[in-house]
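Tertiary structure, described
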Amino acid sequence: MSRLSTDLRRFVIRGQLSRPLALTVADLRERWPQRRAEVVFDCATNGPQHHTFEGPLLREVIAEAGPAFDARRRKDRSRFLLSVTGGDGHHAVLSWAELDADFGDSPILLATAMDGHGLDDAGSQLVVPSDRCGARYISAITGIWVGACAVPGEAGFPRG
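1. Concerning the packing of aromatic side chains
- Scanning the model with the defined rule gives 4 aromatic pairs in all.
- On the numbers, 4.6 Å between centres and 40 degrees between planes, the contact of phenylalanine 41 with tyrosine 137 is tilted. One end of the pair, phenylalanine 41, is in strand 3 (residues 35-43); the other, tyrosine 137, is in the loop between strand 10 (125-127) and strand 11 (141-148), with 96 residues separating them in the sequence.
- Ring centres of phenylalanine 69 and tryptophan 96 lie 5.3 Å apart, and the angle between their planes is 55 degrees; this geometry places the pair in the tilted category. Pair noted here: phenylalanine 69 is in the loop between helix 3 (58-65) and helix 4 (74-77) and tryptophan 96 is in helix 5 (residues 96-99), with a separation of 27 residues, a long-range link. Like phenylalanine 69, the residue tryptophan 96 is buried in the burial classification.

2. Looking at the environment of alanine 111
- Locating alanine 111 in the fold gives a position in strand 7 (residues 109-111).
- In this structure alanine 111 comes out as buried when scored by relative accessible area, which is 0%.
- Distance from alanine 111 to isoleucine 141, taken between C-alpha atoms, is 9.9 Å for residues 30 residues apart in sequence.
- If sequence neighbours within four positions are ignored, alanine 111 has contacts with Phe53, Glu54, Gly55, Leu119, Ser124, Gln125 and Val127.

3. Digging into the sheet that holds strand 1 (residues 11-15)
- Pairing is mixed across the open sheet formed by 5 strands, whose spatial order is 2-1-11-5-6. Bordering the open sheet on either side are strand 2 (21-23) and strand 6 (91-95), each of which pairs with just one other strand. The mean angle between the axes of side-by-side strands here comes to 15 degrees, regardless of whether they run parallel or antiparallel.
- Note: strand 5 (residues 80-86) against strand 11, 7 bridges, orientation antiparallel. Of the residues in strand 11, the one forming a bridge with glycine 86 is isoleucine 141.

4. A closer look at the sheet that holds strand 8 (residues 113-114)
- Taken in spatial order, the 4 strands of this open sheet run 3-4-8-9, and their pairing is antiparallel. Whereas interior strands pair on both sides, the edge strands pair on one side only; in this sheet they are strand 3 and strand 9 (117-118).
- Summarising the sheet, strand 4 (residues 47-55) and strand 8 pair through 2 bridges and their orientation is antiparallel. Looking at strand 8, one finds that phenylalanine 53 is bridged to methionine 114.

5. Topic: the pairing of strand 1
- In the sheet, strand 1 pairs with strand 2 via 3 bridges, with the strands oriented antiparallel. Bridge pairing links valine 12 to alanine 22 in strand 2.
- Count of turn residues in the strand 1/strand 2 antiparallel hairpin: 5 residues.

6. What about the pattern of salt bridges?
- Applying the stated criterion across every chain, the model contains 10 salt bridges.
- In this structure, glutamate 54 engages arginine 36 in a salt bridge whose closest nitrogen and oxygen atoms are separated by 3.4 Å. You can see glutamate 54 sitting in strand 4 and its partner arginine 36 sitting in strand 3, a full 18 residues away along the chain.
- Here arginine 136 and aspartate 131 are joined by a salt bridge, their closest N and O atoms 2.8 Å apart.

About the cut-offs
- Residues numbered from 1 in each chain as written.
- Predicted model: local features only at pLDDT ≥ 70, side-chain atom pairs only at ≥ 80, totals over all residues.
- Heavy atoms only, no water.
- Phe/Tyr/Trp six-rings, centres within 6.5 Å; stacked < 30°, edge-to-face > 60°.
- Helix = DSSP H or I, 4+ residues; strand = E, 2+ residues; numbered from the N terminus.
- Buried < 20%, exposed > 50% of the residue type's maximum accessible area, 1.4 Å probe, protein only.
- Contact = heavy atoms within 4.5 Å.
- Pairing = 2+ DSSP bridges.
- Axes fitted to C-alpha atoms, helices over the stretch in contact; angles between N-to-C directions.
- Salt bridge = Lys/Arg side-chain N within 4 Å of Asp/Glu carboxyl O.

Purely spatial values, then, with no claim about function.
Listed below in structure tokens is the structure:
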């Protein structure tokens, strides 16, 4: 594989973070423990899909980037959102509370392999094992944004 095609599969984690990250599938495989998830989801066009994914937990990867919340304050953590974008322009939004062990503790993955095949050429995939449909499964991740939801009285909060 050429260096150019490898660089195209790099994605960036940015937003309200102390250490934004640029990562590849190889980085995800080498830097974090790999988890396994056997999933079944209903695909609107092809019916039930059965797959086995491997990859690190999304919360562990994002934690390394240093989200700009006070980890000691649950209510501060619960305001944070993640927006994941794929190579086809598909987006999904998650709350930090879904990932956080004190809240939903969902084992959401950044997949490095699907059905025993590495995703190095295809790019990492967001895997939400608890979803019954595959709408939040994002292929060929190009970016993840992390930030706080605006609250009444803060700049950027729309007036109703």
